[in-house]
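Here are the chains, one letter per residue:
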Amino acid sequence: MTATAAEKRDYSLTGPNSGPGFTPGEWYSTRIPRKRLKELMKRSDRPSLINYGIWFGAVLFFGTLLVLTWGTAWAVPVAIIYGVFYGSGADSRWHECGHGTVFKTPWLNNFFYQLASFMSLRNPYLWRWSHTRHHTDTVIVGRDPEIAFPRPPSIGAWLLNLLYIPALSKELLKMVRLSFGLLTDEQKDYLIEADRNKAFWASRIQLAILFSIVGLSVYLQSFLPVMLVGLPTFYGSWLHHLMATTQHAGLAEDVPDHRMNSRTVYLNPFFRFIYSNMNYHVEHHMYPMVPFYALPALHEEIKKDCPPAYPSLFAAYREMVPAIVKQQRDPNFYIWRHLPATAEPTPEYQRPVLQAAE
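Below is a short write-up of the structure. If you're wondering where the values come from, they're calculated on a predicted model, not measured in any experiment. (Residues numbered from 1 in each chain as written. Predicted model: local features only at pLDDT ≥ 70, side-chain atom pairs only at ≥ 80, totals over all residues. Heavy atoms only, no water.)

Right, let's get into the nonpolar core. Ranked by internal contacts, the top residues of the largest apolar core, which has 67 residues, are Tyr-52, Trp-55, Leu-66, Phe-85, Val-290 and Leu-298. Ranked by the residues each element gives to this core, the list is headed by helix 3 (residues 75-98), at 10 residues. If near-sequence neighbours (up to four positions away) are discounted, Phe-85 is found in contact with Trp-55, Ala-58, Val-59, Phe-62, Ala-90, Phe-270, Phe-273 and Ile-274. Core analysis: the next-biggest nonpolar cluster, separate from the first, contains 10 residues, Leu-13, Tyr-125, Leu-178 and Leu-183 among them. (Core = buried A, V, L, I, M, F, W, Y, C linked by side-chain atoms within 4.5 Å. Buried < 20%, exposed > 50% of the residue type's maximum accessible area, 1.4 Å probe, protein only. Helix = DSSP H or I, 4+ residues; strand = E, 2+ residues; numbered from the N terminus. Contact = heavy atoms within 4.5 Å.)

Shown next, in the form of structure tokens:
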């Protein structure tokens, strides 16, 4: 779809498009019987401990294997596998624990949130509130701090981000600034006062750990310590980023309907494990308090009211890549997701937006 207006938009949280977003009541949600929704939202330690036990067990196993094979040709494939479990696996798990839905036991949820946040080099307090805003104002220009593909999107940055270089460089800069107690105006817009000092100390602790790892590498005259902690976030996050790019790229902005601004993509079991079922992204945004292990069941409940899920990662990219390329020439172009005949229509909305045309 192509919009009628052609002006370039300001995506900053302090610019001319930073007015109020939609109220919770204006966002569309597929109707689910209350009893069934309560069942889907029920938290349990058992499935989460199994999932997280396998994940962190794999991190420890392949990390140990990397130590044992270091200096041999076998270290290369082992490092690749280790990096995927460390970098990509952690990047989905900080997100899930940030919602507080993974474990029924609160301290388990917080423990893995802090651990996965460090492994992803993210400040746990800054990102908790950034992501809260993302869910409150999903792909609302001037409100959502996590719009990864502002129009026109940068294809070069996108490709570089397969190694997480631009994003993680920004995270490291944030870490340094926060360790000095500095916040940008945009960060002040969503990080609550009560958590600001916690955010400063979290960055200081993370930096101290990273400096210790670098110091150990210098002392041992070996890259092994930084290959185990720190660098895997760069060389191992590519799989997560490959999947996460499909979440919102190329879709509608400023529409209070997650069916229009988010994608659900069918993935194989291994990818779903690494990605913590975030491929069910329409479902996750519509009902963010449903735990990751219940998202496939939630998908079955609402799929008749949603655009068809993409059959594969390749199918999602086959639609998404041409759209992103076209947005280089026409920033107002976007993909309109057509609803099935069984679905409720997208609600009327009042915020000034670029309306789609057939």
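With that settled, the discussion passes to a nonpolar patch on the surface. There is a patch of nonpolar side chains on the surface, built from Val-176, Phe-180 and Leu-182 and spanning about 300 Å² of accessible area. Along the polypeptide, Val-176 turns up in helix 7 (residues 165-179). (Patch = residues over 30% accessible without salt bridge, like charges linked within 9 Å, V, L, I, M, F, W, Y side chains within 5 Å. Areas by Shrake-Rupley, 256 points an atom, 1.4 Å probe, with all protein chains shown as cover. Salt bridge = Lys/Arg side-chain N within 4 Å of Asp/Glu carboxyl O.)

Moving on, we get to the side chain of His-99. Mapping His-99 onto the fold places it in the loop between helix 3 and helix 4 (106-119). Side-chain polar atoms of His-99 contact the side chain of His-135, separated by 3.2 Å. Polar contacts involving the side chain of His-99 include one to the side chain of His-284, which spans 3.2 Å. (Polar contact = N/O pair within 3.5 Å; in protein donor to acceptor, adjacent residues only side chain to side chain.)

A few words on the packing of aromatic side chains. Within this structure, the stated rule accounts for 16 aromatic pairs. Seen in terms of ring centroids, Phe-103 and Phe-112 are 5.5 Å apart; in terms of plane orientation they differ by 15°. Their pairing is stacked. Take Phe-103 and Phe-112: they sit in the same class, and that class is buried. Aromatic pair Phe-292 and Tyr-293: ring centres 5.3 Å apart, planes at 75°, arrangement edge-to-face. Relative accessible area serves as the criterion here: at 4%, Phe-292 is assigned to the buried category. Each member of the aromatic cluster is reached from another via a ring pair, and the members are Tyr-52, Trp-55, Phe-56, Phe-103, Phe-111, Phe-112, Phe-292 and Tyr-293. Across the ring face of Tyr-52, the terminal group of Arg-93 is positioned such that the distance to the ring centre comes to 5.3 Å. (Phe/Tyr/Trp six-rings, centres within 6.5 Å; stacked < 30°, edge-to-face > 60°. Lys NZ or Arg CZ within 6 Å of the ring centre and 35° of its normal.)

Okay, helix 7 next. Taking 1.5 Å per residue as the helical rise, helix 7 with its 15 residues ought to reach 21 Å, and the 21 Å between its terminal C-alpha atoms agrees with that figure. For helix 7, the complete set of buried residues consists of Leu-168, Glu-171, Met-175, Leu-178 and Ser-179. What you see down the axis of helix 7 is that its buried residues fit within an arc of 100°, all on one side. Counted as exposed and oriented over 90 degrees from the buried face of helix 7: Lys-170 and Leu-173. Gly-181 lies just past helix 7 and shows a positive phi near 75°. (Expected span 1.5 Å × (residues − 1). Arc of directions from axis to C-beta.)

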